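If you want the building blocks of each chain, they are given just below.
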Amino acid sequence: MPESKVPPSRRRSTRVTLADRAYDGLLLKIIGGELAPGERLNIGGLSREMGLSPTPIREALARLEPTGFVRRHDVRGYAVSPLLSPEEISSQIDARQIFEPAFAAAAATHCTPAFLTRLDDTISTMERAGELSDPESLKASWTADEAFHTLVSEQGGNPFMQQAFRALGSQLQRFRLSGRAGRTHALEAAHEHRLIAEAIRAGDAHAAAELMHDHIELARERTLVDAHALEESVVDEIAAR
């Protein structure tokens, strides 16, 4: 069928599918380390490599920018975001501690069956991901983890706090570090998420807040261990040259 005769809805569906394909492909390349931190992203080169036109590549890069996986420079275009330092990650987690326990407490007082079902779905996804460190498992784990924290943040119903929380950025840096260190910590995080969900289900705001606080601190510890392991591996690689 000539393009001019394809209904707009079908043209839109095809375009979105291609953009999704580009998004998923680029995300896997970044999580898996195929695209290195700081690497410039050439749209033409990516288009040829992925067998897609430049348009879905541009759309995918625009969608990746808010996640923090890529950065856009006015002159150089897009590049893979550098990894945060352990100090920067710890500072970000300090900021998250201001918001997330409060979100968990509020969610416990605004609980609905649909909300709990969606929380359970994210936890099940992380449990299935297990401790695998392949890019697909990392992507599934990261997506589910982000979804859990986003759902909890939204359930409290305070749009001003949500806006400030979103400005902190996603937790992707932890997943990039853990992936490069060879693990996802999905099972540990899923167990902690399930405890938080149970407290929310029981309507126990205090317990939900405490468990969220503990979960974020454990995430800090895991991330810093991964950062140290990655740093050691880089030193070993340099020494072996």
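K.L.:
Help me understand the overall build of the protein chain, please; the structure alone is not making it clear to me.
P.N.:
If you tally the helices and strands in the protein chain, you get ten helices and three strands. Starting at the N terminus and ending at the C terminus, the protein chain contains elements arranged as α-β-α-α-β-β-α-α-α-α-α-α-α. Considering the protein chain as a whole, with its 241 residues, one finds that 43% of them fall into the buried category. Taking contacts inside the protein chain between residues at least 6 apart in sequence as the whole, the part at least 24 apart equals 78%. Carbon and sulfur atoms make up 55% of the accessible area of the protein chain, which totals about 12,400 Å².

K.L.:
For this particular structure, what's the right way to read the environment of S81?
P.N.:
Position of S81 among the secondary structure elements: in the loop between strand 3 (77-80) and helix 4 (86-109). When its relative accessible area of 1% is taken as the criterion, S81 is described as buried. Along the chain, S81 and A36 lie 45 residues apart, while their C-alpha atoms are 8.7 Å from each other. Within the local environment of S81, its side chain forms a polar contact with the backbone nitrogen of V70, the two atoms lying 3.4 Å apart.

K.L.:
Sorry, what's going on with the environment of E49 here?
P.N.:
With respect to the helices, strands and loops of the structure, E49 is situated in helix 2 (residues 43-50). The contacts of E49, once residues within four sequence positions are left out, are K29 and E34. At 2.6 Å, the side chain of E49 and the side chain of K29 are in polar contact.

K.L.:
I'm lost on the pattern of salt bridges in this one. Help?
P.N.:
Working definition: two side chains of opposite charge can pair if their charged atoms are close together. A full pass over the atoms with the stated rule returns ten salt bridges. With its nearest N and O atoms 2.9 Å apart, the salt bridge here joins R220 to E217. Remark: E217 and R220 occur in helix 10 (residues 205-240); sequence separation between them is three residues, near one turn of the helix. Residue classification places R220 among the buried positions, given a relative accessible area of 11%. Take E217: its relative accessible area is 24%, and that puts it in the partly exposed class.

K.L.:
Sorry if this is basic, but what is going on with the confidence of the model for the protein chain here?
P.N.:
In regions of low pLDDT, the predicted coordinates are not meant to be interpreted in detail. Mean pLDDT over the protein chain stands at 82; residues scoring 70 or higher make up 81%. Averaged over each element, pLDDT in the protein chain is lowest for helix 8 (residues 172-180) (56) and highest for helix 9 (residues 186-201) (95). Low pLDDT (under 50) marks residues 234-239, which in the prediction has zero contacts with non-local residues, meaning those over four places away or in another chain.

K.L.:
Please clarify how the packing of aromatic side chains should be interpreted in this entry.
P.N.:
Centre-to-centre distance and the angle between the planes together describe a pair of aromatic rings. The tally for this structure, following the rule as stated, stands at four aromatic pairs. Ring centres 6.1 Å apart and planes at 20 degrees place the aromatic pair F99 and F103 in the stacked group. Of the two residues, F99 and F103 both sit in helix 4, four residues apart, roughly one turn of that helix. Here F99 and F103 have matching classes, each one buried. Judged by centre distance (5.2 Å) and plane angle (75 degrees), the ring pair of F103 and F165 falls under edge-to-face. Linking F103 in helix 4 with F165 in helix 7 (residues 159-166), this pair joins segments that are 62 residues apart in sequence. According to the relative accessible area criterion, F165 is buried, its value standing at 7%. Following the ring pairs from residue to residue traces out a cluster consisting of F99, F103 and F165. Looking at R72, its charged tip hangs above the ring of Y78, at a distance of 5.9 Å from the centre.

K.L.:
I would appreciate a short explanation of the sheet that holds strand 2 (residues 70-73) in the present structure.
P.N.:
The strands that make up a sheet pair up through hydrogen bonds in the backbone, lying either parallel or antiparallel. Reading across from one edge, 1-3-2 is the order of the three strands in this open sheet, with antiparallel pairing throughout. With one partner strand each, in any of the chains shown, strand 1 (40-41) and strand 2 form the two edges of the open sheet. Bridge analysis of strand 1 against strand 3 gives two bridges, and the strand direction is antiparallel. Bridging from a neighbouring strand, L41 pairs with Y78 of strand 3.

K.L.:
Honestly, the packing of helix 4 against helix 6 (residues 135-155) in this entry has me stumped. Any pointers?
P.N.:
Between two packed helices, both the angle of their axes relative to each other and the distance between the axes serve to describe the pair. With their axes 7 Å apart at the nearest point, helix 4 and helix 6 run at an angle of 65 degrees to one another. Considering their axes alone, helix 4 and helix 6 lie roughly perpendicular with respect to each other. Crossing of helix 4 against helix 6: the hand is left-handed. Judged by residue contacts, R96, E100, F103, A104 and A107 of helix 4 engage H149, V152, S153 and Q155 from helix 6. Grouping the constituent residues of the contact of helix 4 with helix 6 by class yields four nonpolar, three polar and two charged.

K.L.:
For this particular structure, what's the right way to read the pairing of strand 3?
P.N.:
Two faces make up the sheet, and in a regular strand the side chains alternate between them. The sheet contact formed by strand 2 and strand 3 spans four bridges and is antiparallel. Across the sheet, residue R72 finds its bridge partner in strand 3, namely Y78.

Calculation criteria
Residues numbered from 1 in each chain as written. Predicted model: local features only at pLDDT ≥ 70, side-chain atom pairs only at ≥ 80, totals over all residues. Heavy atoms only, no water. Helix = DSSP H or I, 4+ residues; strand = E, 2+ residues; numbered from the N terminus. Buried < 20%, exposed > 50% of the residue type's maximum accessible area, 1.4 Å probe, protein only. Contact = heavy atoms within 4.5 Å. Areas by Shrake-Rupley, 256 points an atom, 1.4 Å probe, with all protein chains shown as cover. Polar contact = N/O pair within 3.5 Å; in protein donor to acceptor, adjacent residues only side chain to side chain. Salt bridge = Lys/Arg side-chain N within 4 Å of Asp/Glu carboxyl O. pLDDT = per-residue confidence, 0-100. Phe/Tyr/Trp six-rings, centres within 6.5 Å; stacked < 30°, edge-to-face > 60°. Lys NZ or Arg CZ within 6 Å of the ring centre and 35° of its normal. Pairing = 2+ DSSP bridges. Axes fitted to C-alpha atoms, helices over the stretch in contact; angles between N-to-C directions. Parallel < 35°, antiparallel > 145°, perpendicular 65-115°, else oblique. Left-handed = near helix turned anticlockwise from the far one by under 90°. Nonpolar A, V, L, I, M, F, W, Y, C, P; charged D, E, K, R; others polar.

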